[in-house]
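Chain and residue survey
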Amino acid sequence: GDIDNVGVTPRHLTFFEMLGNFSFGDYFKKEAIGWAWELLTDVLKIDKDRLWVTVYQDDDEAAELWHSVAGVPREKIVRLGKEDNFWELEVGPSGPCSEIYYDTGADKGCGSPNCKPGCDCSRFLEIWNLVFTQFDKDEQGIYHPLSNPNIDTGMGLERVSCVLQGKPTVF
C-alpha cells in the first residue's frame, strides 16, 4: 500500500528488514511495552524525549501501560483509529497495536501546532509496531477473545539505523 511513497518520503522502501519478537501466551502488553521501551531507551540509548507512541483509540489498557510502565507522558500517547492501530485479516487472529515514533524535529514537520504521530508530514518516523493479538475474528466479523493472547512486534532495521546514526533518511 505504500509503494507510491517509495523515494518520495525519507522512510519508505521497496524492501526492508523487519526485526521482531513473538510471544504465544507467555507474556502480553505489560511486558512487551516495558521491554520495547527498555531496548530503545536503555540499550540503544535513543532519547526518550524524542519518542512518542500511538495506541488504538479504544485500548485504554495500552495507553495506561505506556504511561505507568514506560513513563511516557500522556500528551505523547496518541490515540488513532482502526486504520492506523488495529491489525487484522479477513478472518483469524487480530487486535489493537501500538506504534513507537521518533520525532525527527519540528523543522521536518508541517508547521502545524497540532503536528503529532498520525500527521501526513515527515516529522515522525515510525520505528516499531507492537501488535497485541487478542482476538479471533470470525466470518461474520465478530471478535472473540483468544484464550492465549499473543504478541507480534516488528521494528524496521533501516529506520532504527537511521535514527541511531542521526541520518535524515533511510537511504
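All of these numbers come straight from a predicted model, not from anything done at the bench.

Cut-offs used in this document
Going along each chain's sequence as written, the residues are numbered from 1 onward. Only residues with pLDDT of 70 or above have their local features reported here, since the model is predicted, and side-chain atom pairs are shown and tallied only from 80 upward, although totals for entire chains, interfaces and linings are computed over all residues. Excluded from the side-chain calculation are hydrogens and water; included are all heavy atoms of the structure. Helix and strand definitions follow DSSP, with helices as H or I runs of at least four residues and strands as E runs of at least two, each counted in order from the N terminus. Given the number of residues in a helix, its expected span is that number minus one, multiplied by 1.5 Å. Whether two residues touch is decided by their heavy atoms; if any such pair falls within 4.5 Å, the residues are in contact. Take a side-chain nitrogen of Lys or Arg and a carboxyl oxygen of Asp or Glu: if they are within 4 Å of each other, that pair is a salt bridge. Each residue's exposure class comes from its accessible area (1.4 Å probe, protein chains only) as a fraction of the maximum for that residue type: buried when under 20%, exposed when over 50%, partly exposed otherwise.

**Notes on unusual backbone geometry**
One non-glycine residue, K45, lies in positive phi territory at about 65°. Take K45: it is sitting in the loop between α1 (29-43) and β2 (51-56).

**Some thoughts on α1**
Taking 1.5 Å as the rise per residue, α1 with 15 residues should run 21 Å; its terminal C-alpha atoms sit 20 Å apart, in good agreement. Check the buried side of α1 and you find it contacts β2, α2 (60-68), β5 (92-103), β6 (124-137) and β7 (143-156). Residue K45 follows α1 closely and has a positive phi angle near 65°.

**As for the pattern of salt bridges**
Under the counting rule described, the total for this entry stands at eight salt bridges. E88 serves as the salt-bridge partner of K82, at 3.6 Å between the closest nitrogen and oxygen. Owing to a relative accessible area of 27%, E88 belongs among the partly exposed residues under this scheme. When salt bridges with common partners are traced through the structure, they connect K29, D59 and E61 into a single cluster.

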